Amino acid sequence: MLRLKRLAVLGLFVFFVITGFLFWAFRFSGAETRVALPAPPRAEAKLESLSAGITSAVNITRSADAEWLTHAAAQTGIPARALQAYVAAASAANTSAPTCGIGWNTVAAVGFVESGHGTYGGGSLTATGQASGPIVGPSLNGDGFAAIPDSDAGALDGDARWDHAVGPMQFIPSTWQLAGRDGNGDGTADPFNIDDAALSAASYLCAHGGDLTTAAGWADAIYSYNQSDPYVDHVRDRATAYAAQSGTPG
């Protein structure tokens, strides 16, 4: 009987060792796959020219050139108001973190995957960049999604029990409290405003990826936004397509 018990214990030990190894191997393989593919080309935008003779002691986030914006929006299918925000967000993030190298097409790709550029549920963006209606994701109650208890008393998502991702870039309220930025200069960081949400997303990606011109940096940044290999692949494909469609790879 004692021998049988020892064999049973040994069998359980071997089972857990093998299971742990397979889990590690699967995770390691997924990480290798993410960085094996190159980062998408960094798309550039034509920016408005500063008036002749004007200099500034502070960095100014320049807007996309109006003609370029109209053409690129038509080529990519990105709503012009959203594209304007993505370009400004990438420009500002790269100014704050010069080694980041994020392209507007990466910010746009995240915006597409997360909410269809703010059109989720049939909505749209207003001229000021505000979502026409609340963009609120599913309840993060552990049923098919991670279980994330409420972190803001329902202030952003209307649910005082569980958190929901909100806005066109789908920030979880607890993350927004740390990463939220004021992108339009109105003094408020609003996850439902595309200027604020896009700048917050670009800054978050730069902080978590380092150099997004490298395969590892880009993949780490996107994976930090959503820990899913298919998600990383989807964003990569979309970002690559936007660079090709706009005809402005860096």
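Everything here concerns the structure above.
What counts, and where the lines are drawn
Residues numbered from 1 in each chain as written. Predicted model: local features only at pLDDT ≥ 70, side-chain atom pairs only at ≥ 80, totals over all residues. Heavy atoms only, no water. Disulfide = S-S within 2.5 Å. Helix = DSSP H or I, 4+ residues; strand = E, 2+ residues; numbered from the N terminus. Buried < 20%, exposed > 50% of the residue type's maximum accessible area, 1.4 Å probe, protein only. 1 Å grid on protein atoms, 1.4 Å probe; cavity = no way out; pocket = protein on both sides within 12 Å on 5 of 7 lines; lining within 4 Å. Points joined across faces, edges and corners; volume = space filled by probe spheres on them. Core = buried A, V, L, I, M, F, W, Y, C linked by side-chain atoms within 4.5 Å. Contact = heavy atoms within 4.5 Å. Expected span 1.5 Å × (residues − 1). Phe/Tyr/Trp six-rings, centres within 6.5 Å; stacked < 30°, edge-to-face > 60°. Lys NZ or Arg CZ within 6 Å of the ring centre and 35° of its normal. Axes fitted to C-alpha atoms, helices over the stretch in contact; angles between N-to-C directions. Parallel < 35°, antiparallel > 145°, perpendicular 65-115°, else oblique. Left-handed = near helix turned anticlockwise from the far one by under 90°. Arc of directions from axis to C-beta. Polar contact = N/O pair within 3.5 Å; in protein donor to acceptor, adjacent residues only side chain to side chain.

Scanning the model with the defined rule gives one disulfide in all. Linked covalently through their sulfurs, C100 and C206 form a disulfide whose S-S length is 2.0 Å. Looking along the S-S bond of the C100-C206 disulfide, the torsion reads about -80°, which is the left-handed sense. With C100 in the loop between α3 (80–96) and α4 (104–115) and C206 in helix α6 (residues 194–209), this pair connects stretches of sequence that are 106 residues apart. C206 carries the same exposure label as C100, and that label is buried.

Here we take up the layout of surface pockets. Its boundaries defined by the atoms lining it, the largest pocket holds a volume of some 560 Å³. As for the largest pocket, its lining consists of 18 residues, of which A165, Q170, I172, Y225 and N226 are closest to the centre. If you list the elements that add at least two residues to the lining of the largest pocket, you get α4 and α7 (215–225).

Right, let's get into the nonpolar core. Core analysis: the largest hydrophobic core is formed by 50 residues, its most contacted members being L83, Y86, I102, W104, M169 and Y225. Of all the secondary structure elements, the ones that give two or more residues to this core are α2 (66–76), α3, α4, α5 (173–179), α6, α7 and α8 (229–246). Among all residues touching M169, those that are not within four sequence positions of it are Y86, V107, V110, G111, E114, A197, A198, A201 and Y225.

A few words on α6. Residues separated by three or four positions in an α-helix point in the same direction, a consequence of the helix having 3.6 residues per turn. Over its 16 residues, α6 runs 22 Å from end to end, which matches the ideal 22 Å to within 8%, given 1.5 Å per residue. Among the 16 residues of α6, 13 are classified as buried, and the element is accordingly described as predominantly covered. Taken from the residues just after α6, G210 is the one with a positive phi, measuring 75°.

Attention now moves to the packing of aromatic side chains. In the structure shown here, the tally under the stated rule is four aromatic pairs. Residues W68 and W104 carry aromatic rings whose centres are separated by 5.8 Å and whose planes lie at 80° to one another, so their mutual orientation is edge-to-face. Of this pair, W68 sits in helix α2 while W104 sits in helix α4; the two residues are 36 residues apart in sequence, bridging distant segments of the chain. W104 matches W68 in its accessibility class, with the two residues each being buried. Aromatic pair F171 and Y225: ring centres 5.8 Å apart, planes at 70°, arrangement edge-to-face. With F171 in the loop between α4 and α5 and Y225 in helix α7, this residue pair connects regions lying 54 residues apart in the sequence. Note on accessibility: F171 and Y225 belong to one class, buried. The ring of F112 carries R238 above its face, with NZ or CZ at 4.0 Å from the centroid.

Moving on, we get to the packing of α3 against α6. Packing of α3 against α6 leaves a shortest axis separation of 8 Å and a crossing angle of 40°. Relative to α6, the element α3 is oriented oblique. For α3 against α6, the interelement crossing comes out right-handed. On the side of α3, the interface is formed by R81, A82, A85, Y86, A89, A92 and A93, while α6 contributes I194, D195, A198, L199, A202, S203 and C206.

We now examine α2. Restricting attention to buried positions, one finds in α2 the residues W68, L69, A72, A73 and T76. Projected down its long axis, α2 carries its buried residues within an arc of 125°, all on one side. Seen from the buried face of α2, the exposed residues on the opposite side, beyond 90 degrees, are E67, T70 and A74. Residues of α2 that are buried sit in contact with α3, α4 and α8. For α2, the N-terminal capping position is held by D65, with its side-chain oxygen 3.2 Å away from the main-chain nitrogen of E67.

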